[in-house]
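In case you want the letters, here they are:
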Amino acid sequence: MNTNVVFMGYTRSDLTNLVVVLALALLVIPLTVESDYWYASILIPWLCLALAAVGQQIVMGYAGQLALGAAGFMAAGAFACFNLILRVPYMPFPVALALSGLIAAAFGVLFGLPSLRVRGIYLMVATLASQFFIVWMIDKFGWFKNYDTSGIITAQDIVIFGKTFTTPLEMYLVVVVVVAVLTIFAVNMTRGSTGRSWMAVRDMDIAAESMGISLLRTKLQAFAISAFFCGVAGALFAFTYLKSLEPVAFDIKLSFKILFMVILGGLGTISGAFIGAAFILLFPVVLNSLGNNVFHGAIDATIISAAEQVVFGVLIIVFMIYEPLGMAKLWENVKQRFNFKRAPTAALSKTQAT
Amino acid sequence: MVEARRFPIGEPILEVKNISLRFGGVRAITDTSFNVFRHEIRAIIGPNGAGKSSLLNCINGIYKPQEGTIALNGEVLDKISPNIVARKGLSRTFQNLALFKRMSVLDNILVGRKLHMSANFLSVALRLPEAVREERENRAKCEEIVEFLEISHIRDTPVGRLPYGLQKKVELGRALATEADILLLDEPMAGMNVEEKRDMCRFILKVNDEFGTTMVLIEHDMGVVMDISDNVVVLDYGKVIGDGPPDEVRADRAVIDAYLGVAHD
Ligand SMILES: Nc1ncnc2c1ncn2[C@@H]1O[C@H](COP(=O)(O)OP(=O)(O)O)[C@@H](O)[C@H]1O
Ligand SMILES: [Mg+2]
């Protein structure tokens, strides 16, 4: 296994995957996809929400803390970015983005504190406080919205090294680069000692502690890093997709959406965050176009959206019961069926005999 | 163990003094004292419910005894938590397997290396050279342990899928990976067949011999206890009723009455 490690601890197949994904994202898509609709309405929101789902994955799928309130941290990131660019002269967009993540991370630590006392559904309720508090705070204090009264604030232009990124394709490229870099960081952490500590706390906290892991540090670290990812995702979401800043965009529905992305995609996998986000975003689109193109509008839109809710609900229950590892695991199984390199459990034999 | 030991038994490494632990009205441990000496293999025996596991939990900071003190390497452990005790060089296994079920065998054992790995999350995220090197070195260490315990063939399997006996081995491996001065093993051979028990004894003796690791193990199989331990503590109803070399303890009247007379298996 270690013999395949070729570079910085990555295996050959890691590097192949990376090259293929980057080539697809940075070359193939920009060269072949021409429709602005694809960038502005599908790829950009997908990547932004997938990044938030990676954050949710870190705290929930890896560290095992049932937190709900990703949208709150996204709001913190979005408004932090707006204010940094507004108030700090010559603030470069990438720096503003990173600082927005850090500000969200500070909120993450604060709202992660209940995890030191409660778990499960109680923690879920406690972390909801972040959702309500952050959005309330932004609404309550005019300063955060620069005393705007219209309700909708336009996001500033994205300027990097003097170049303004305005077209959907340009914005897509900004998002891809940020998401790719942060996703690589997330993969590195989850595969390294950082991620092992999270998973140890998730699987058996008392044993983790007995091995020298501080529960306090590890849980708060996971909350902070999770909120950092959500914060950056929120800023990107506001600046490249919504192009405006409104607290209502980051309501509890969005938090639930991100939670479902992680559950459907598969707990404890980074790729699951992307798969889950794609599914949750695309499913309504597909359903709508089915309604329009197959049934030619004969089915009422409200029925379609009701169907959507029902299907989501059923899927979540089915996945929770039958495949807690989600779609990423299903995909893994399919791959394994088609390339039978090795069955990981086959080795498990002789000591079972007696 | 007739030949000269590489690490002769030394001064006390662990001093348990007048420990009492109550759960509401239940007295789990009452005024218990004994010493564990450096480099020895110490067995703790006693009927079910005698308070053996509770005692280990007090030593490693999971339970807080209402009275008494525990000193490790001469330092009294006061207001402690398990992760602080781990930092002071003590590791353990649990009676009811406490493994990280969804993680692979190798990853479980790597968690045992936690205190030997100092790269922070940023250098892990960026794969800075020191993080990569540290990961490589500690992985190699864990591969050695996996080989030593003869579980290389399952090293990438999630432990939740393994049979009980193998899980027990993995837990020992995780404890060994810490390279602690003293290991507490709570019924490491429970539920194992004769062959597996023999393997386990071999591992314990070998680690003690090669690294001088002090071992405190709870065990019901008197054959095993007589074979591998240097000293035995006998607990009954939360009290120490015997403490000494296995032969002496076996001959002790109170011990025979309380425990050996109704010996398990
Ligand atoms: N967490 C706990 N809460 C309440 N009672 C406990 C707890 N742990 C142990 N006990 C009680 O303490 C006594 C000793 O248990 P234990 O230490 O597990 O014994 P042993 O390991 O010798 O079988 C038992 O009566 C048990 O019920
Ligand atoms: Mg016990």
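Predicted model only: the values in this text are computed from it and were never measured. (Residues numbered from 1 in each chain as written. Chains lettered and ligands numbered in written order. Predicted model: local features only at pLDDT ≥ 70, side-chain atom pairs only at ≥ 80, totals over all residues. Heavy atoms only, no water.)

Visitor: Explanation requested: the environment of B:Asp186 in the structure shown.
Guide: Residues and elements named next belong to chain B. Note that Asp-186 resides in strand E7 (residues 182-186). A sequence separation of 142 residues divides Asp-186 from Ile-44, and the C-alpha atoms of the two residues are 9.2 Å apart. Excluding residues within four positions of it along the chain, Asp-186 makes contact with Ser-53, Leu-56, Arg-92, Thr-93, Phe-94, Gln-95, Lys-168 and Ile-218. Side-chain polar atoms of Asp-186 contact the side chain of Ser-53, separated by 2.8 Å. (Helix = DSSP H or I, 4+ residues; strand = E, 2+ residues; numbered from the N terminus. Contact = heavy atoms within 4.5 Å. Polar contact = N/O pair within 3.5 Å; in protein donor to acceptor, adjacent residues only side chain to side chain.)

Visitor: Got a minute to help me understand the pattern of salt bridges in this structure?
Guide: Pairs can form between side chains of opposite charge whenever their charged atoms are close. All names here are of chain B. Per the stated rule, a full pass over the model turns up 27 salt bridges over all chains. One salt bridge in this structure joins Arg-38 and Glu-11, with 3.0 Å as the shortest N-O distance. With Arg-38 in the loop between strand E2 (26-37) and strand E3 (41-45) and Glu-11 in the segment before strand E1 (12-23), this pair connects stretches of sequence that are 27 residues apart. Residue class for Glu-11 comes out partly exposed when judged on its relative accessible area of 43%. With a closest N to O distance of 3.2 Å, Glu-135 and Arg-139 form a salt bridge. (Salt bridge = Lys/Arg side-chain N within 4 Å of Asp/Glu carboxyl O. Buried < 20%, exposed > 50% of the residue type's maximum accessible area, 1.4 Å probe, protein only.)

Visitor: It is not clear to me how the interface of chain B and chain A should be interpreted in this structure. Could you clarify?
Guide: Bring the parts together and some accessible area is lost; that lost area is often taken as the interface size. Chain B puts 48 residues into the contact, and the matching count from chain A is 41 residues. Between chain B and chain A, the buried area comes to about 3,700 Å², and carbon and sulfur atoms account for 59% of it. Connecting chain B to chain A are 1 salt bridge. Of the charged contacts, one joins B:Glu135 and A:Arg196 as a salt bridge, the two residues approaching to 2.9 Å between their closest N and O atoms. (Buried area = accessible area lost by both parts, 1.4 Å probe.)

Visitor: Got a minute to help me understand the coordination of the magnesium ion (ligand 2) in this structure?
Guide: Coordination angles at a metal have ideal targets, namely 109.5 degrees for four tetrahedral donors and 90 or 180 degrees for six octahedral donors. Residues and elements named next belong to chain B. Looking at the magnesium ion (ligand 2), the protein donor atoms are Ser-53 (OG) and Gln-95 (OE1), and they sit 2.0 to 2.1 Å from it. Placement of the pair is Ser-53 in helix H1 (residues 52-59) and Gln-95 in the loop between strand E6 (90-92) and helix H3 (105-111), with a sequence separation of 42 residues. Assessed through its relative accessible area of 26%, Gln-95 is described here as partly exposed. (Donors = N, O, S within 2.8 Å, 3.2 Å for Na, K, Ca; no water.)

Visitor: How do you make sense of the environment of B:Ser53 when you look at a structure like this?
Guide: All names here are of chain B. Residue class for Ser-53 comes out partly exposed when judged on its relative accessible area of 21%. In sequence terms Ser-53 and Leu-185 are 132 residues apart; their C-alpha atoms lie 9.6 Å from each other. Those residues in contact with Ser-53 that sit more than four places away from it in its chain are Gln-95, Asp-186 and Ile-218.

Visitor: Even after reading the chapter, I still don't get the domain arrangement of chain B, so can you show me in this structure?
Guide: Residues and elements named next belong to chain B. Each assigned domain of chain B is listed with its residue range as follows: domain 1 (1-89 + 180-197 + 212-265) and domain 2 (102-179). The junction of domain 1 with domain 2 conceals about 760 Å² of combined surface from both sides, 67% of it contributed by carbon and sulfur atoms. Area buried by domain 1 at its contact with domain 2 is led by Ala-180, Leu-183 and Met-192, which between them contribute 45% of it. The tally of links between domain 1 and domain 2 comes to 0 salt bridges. There are 2 residue pairs in polar contact (both at pLDDT 80 or more) connecting domain 1 and domain 2. Broken down by secondary-structure element, the contributors of at least two residues to the side of domain 1 that touches domain 2 are helix H2 (82-87) and E7. Broken down by element, the side of domain 1 that touches domain 2 gets its largest block of residues, 3 residues, from E7. Across the side of domain 1 that touches domain 2, the residue classes break down as 7 nonpolar, 1 polar and 5 charged. (Domains from an automatic or database assignment. Nonpolar A, V, L, I, M, F, W, Y, C, P; charged D, E, K, R; others polar.)

Visitor: Quick question: what am I supposed to make of empty space enclosed by the protein here?
Guide: Any space left empty among the atoms is revealed by the rolling of a water-sized probe across them. Residues and elements named next belong to chain A. Within the structure shown, the criterion is met by 3 cavities of 30 Å³ or more. Taken as a whole, the largest cavity spans an internal volume of roughly 60 Å³. As for the largest cavity, its lining consists of Gln-56, Val-59, Ala-67, Leu-68, Gly-69, Ala-70, Phe-73, Thr-127, Ser-130 and Ser-226. Elements with a contribution of two residues or more to the lining of the largest cavity: helix H2 (36-62), helix H3 (70-87) and helix H5 (120-140). (1 Å grid on protein atoms, 1.4 Å probe; cavity = no way out; pocket = protein on both sides within 12 Å on 5 of 7 lines; lining within 4 Å. Points joined across faces, edges and corners; volume = space filled by probe spheres on them.)

Visitor: Honestly, the site of ligand 1 in this entry has me stumped. Any pointers?
Guide: Residues and elements named next belong to chain B. Close to ligand 1 lie Phe-23, Val-26, Ala-28, Pro-47, Asn-48, Gly-49, Ala-50, Gly-51, Lys-52, Ser-53, Ser-54 and Tyr-63, which account for all nearby residues. Between an oxygen atom of ligand 1 and a main-chain N or O atom of Gly-51, the distance comes to 3.0 Å. Burial of ligand 1 by the surrounding chains reaches 62%, relative to a free accessible area of 550 Å². Sorting the residues of the shell around ligand 1 by element identifies E2 and H1 as the ones contributing at least two each. In terms of residues, the shell around ligand 1 owes the most to one element, H1, which gives 3 residues. Among the residues making up the shell around ligand 1, the classes are represented as 6 nonpolar, 5 polar and 1 charged. (Near = heavy atom within 4 Å. Areas by Shrake-Rupley, 256 points an atom, 1.4 Å probe, with all protein chains shown as cover.)

Visitor: What is the right way to read unusual backbone geometry from this model?
Guide: When glycine is set aside, most residues are seen to have a negative phi, and most peptide bonds are trans. Residue and element names in this part refer to chain B. Even without a glycine there, the phi angle at Asn-18 is positive, about 50 degrees. Along the chain, Asn-18 turns up in strand E1. Its identity as a non-glycine residue notwithstanding, Glu-187 has a phi of 50 degrees, on the positive side. Mapped onto the elements of the fold, Glu-187 is located in the loop between E7 and helix H7 (194-211).

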